[in-house]
Amino acid sequence: RKEVEQDPGPFNVPEGATVAFNCTYSNSASQSFFWYRQDCRKEPKLLMSVYSSGNEDGRFTAQLNRASQYISLLIRDSKLSDSATYLCVVSPPGNTGKLIFGQGTTLQVKP
Amino acid sequence: EPEVTQTPSHQVTQMGQEVILRCVPISNHLYFYWYRQILGQKVEFLVSFYNNEISEKSEIFDDQFSVERPDGSNFTLKIRSTKLEDSAMYFCAVHGPSYEQYFGPGTRLTVT
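Summary of the structure given here. (Residues numbered from 1 in each chain as written. Chains lettered and ligands numbered in written order. Predicted model: local features only at pLDDT ≥ 70, side-chain atom pairs only at ≥ 80, totals over all residues. Heavy atoms only, no water.)

## Details of the packing of aromatic side chains
Residues and elements named next belong to chain B. Operational definition: Each Phe, Tyr or Trp ring, with Trp reduced to its six-membered ring, pairs with another whose centre is within 6.5 Å; inter-plane angles below 30 degrees give stacked pairs, above 60 give edge-to-face pairs, and intermediate values give tilted ones. Under the scheme used here, helices are H or I runs from DSSP no shorter than 4 residues and strands are E runs no shorter than 2 residues, and both carry numbers assigned from the N terminus. Buried residues are those whose accessible area, probed at 1.4 Å on protein chains only, stays under 20% of the maximum for their type, while exposed residues exceed 50% and partly exposed ones sit between those limits.
Within the structure shown, the criterion is met by 16 aromatic pairs over all chains. Note on F49 and F75: the rings are 4.9 Å apart at their centroids and 35° apart in plane angle, and the pair reads as tilted. Taken together, the residues F49 in strand 5 (residues 44-50) and F75 in strand 8 (residues 75-79) connect sequence positions 26 residues apart. Judged on exposure class, the residue F49 and its partner F75 are both buried.

## Considerations on the sheet that holds strand 7 (residues 60-65) of chain A
All names here are of chain A. As a reminder, the rule being used: We call two strands paired when DSSP finds no fewer than two bridges between them. Convention adopted: a line fitted to C-alpha atoms gives each axis, helices being fitted over their contacting stretch, and angles between N-to-C directions are expressed from 0 to 180 degrees.
Taken in spatial order, the five strands make up an open sheet running 1-3-8-7-6, and their pairing is antiparallel. Only two strands of the sheet have a single partner each, and these edge strands are strand 1 (4-6) and strand 6 (55-57). Neighbour-to-neighbour, the strand axes of this sheet turn through a mean angle of 20°, independent of strand direction. One ladder, built from three bridges, connects strand 6 with strand 7; its direction is antiparallel. Note on strand 7: the bridge partner recorded for D57 is F60.

## Examining the environment of G102(A)
The condition that has to hold: Throughout, a contact is declared for two residues whenever any of their heavy atoms are within 4.5 Å.
Along the polypeptide, G102(A) turns up in the loop between strand 10 (100-101) and strand 11 (105-110). Each C-alpha atom, one on G102(A) and one on V89(A), is 6.2 Å from the other, the two residues being 13 residues apart in sequence. In this structure, G102(A) is in contact with V4(A), Q6(A), L87(A), C88(A) and K42(B), ignoring residues within four places of it in sequence.

## Considering the sheet that holds strand 8 of chain B
Residue and element names in this part refer to chain B. Pairing is antiparallel across the open sheet formed by four strands, whose spatial order is 1-3-8-7. Two strands lie at the open edges of the sheet, namely strand 1 (4-7) and strand 7 (65-68), each paired on one side alone. Taking the axes of each pair of neighbouring strands and ignoring which way they run, one obtains an average angle of 20° across the sheet.

## Some remarks on the interface of chain B and chain A
This is how it is decided: Summed over both partners, the accessible surface that disappears when two parts come together, traced with a 1.4 Å probe, is what is meant by buried area. Salt bridge, as applied in this entry: a Lys or Arg side-chain nitrogen positioned within 4 Å of an Asp or Glu carboxyl oxygen. Charged residues are taken to be Asp, Glu, Lys and Arg, nonpolar residues to be Ala, Val, Leu, Ile, Met, Phe, Trp, Tyr, Cys and Pro, and polar residues to be all remaining types, Gly included.
At the junction of the two partners, chain B supplies 24 residues and chain A supplies 16 residues. Here chain B and chain A share an interface that buries about 1,800 Å² over both sides, 54% of which is from carbon and sulfur atoms. Summed over the three residues of chain B that lose the most area to chain A, namely K42(B), Y99(B) and F103(B), the buried surface amounts to 29% of that side. For the interface between chain B and chain A, the tally reads one salt bridge. In this structure, K98(A) engages E56(B) in a salt bridge whose closest nitrogen and oxygen atoms are separated by 3.5 Å. Put simply, the parts of the chain that give the side of chain B that touches chain A at least two residues each are strand 4 (31-37), strand 5, strand 6 (53-57), strand 9 (88-95) and strand 10 (101-103) of chain B. Partitioning the side of chain B that touches chain A into residue classes produces eleven nonpolar, nine polar and four charged.

## Overview of the pattern of salt bridges
Residues and elements named next belong to chain A. All told, the structure shown has six salt bridges over all chains when counted by the stated rule. As a salt-bridge pair, D82 and R59 come within 2.8 Å of each other at their nearest N and O atoms. Here the residue D82 occupies a position in the loop between strand 8 (70-75) and strand 9 (84-91), and R59 occupies one in the loop between strand 6 and strand 7, the gap between them amounting to 23 residues. A residue is classified by how much of its surface remains accessible, and R59, at 21% relative accessible area, is partly exposed.

## Let's talk about the pairing of strand 1 of chain B
Residue and element names in this part refer to chain B. Judged by which residues are buried, strand 1 turns out to be one-sided: V4 and Q6 face inward and are buried, whereas T5 and T7, on the alternate face, are not. Across four bridges, the pairing between strand 1 and strand 3 (residues 19-25) is antiparallel. Residue Q6 lies in a different strand from strand 3, and its bridge partner there is C23.

Shown next as structure tokens:
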């Protein structure tokens, strides 16, 4: 089983749509969880951290289900500028700070 | 504002040559990380570095790779004898306040 698994997509949605991405992770002792955004040939940029209680930042909502080892990202009212690859990222147990990345889910928002 | 810059932005080298990739933090950081991303593949952890020592390294980080902080500010990744399969984007990252990491713009390494 992959350490962090995502549906690669692509997800093609019209502007204004709501889209959800899912991610599963294999190590139940993983400590921290993030969503990053990556544009083509650019560095990953932190979108948001994910907390057990769920958290929201504007149009973006992230959820964590530790029992199911499942993380989600919901994007409401999609904009053209949301087109990118969304990376599910997990920090395994231990204090070295290493991050484990999923393959990424590609989103294409069309006018 | 970027937390870290990297040089060069693009490096072309011949197989068997040594390359040094540089990472310059904008402000004081204690933890540094190197990741690589082969075109079309996921971002992979290479090494973490704290207090002038390697704290963890991946299987990818073999004897061909080394890291150091030569002058207390720059953080370098050296590949001693490059192979074709070393062609990738190499990202340096630093810690934020809560385990998140901030990535530099990357160096695209092309080995011919």
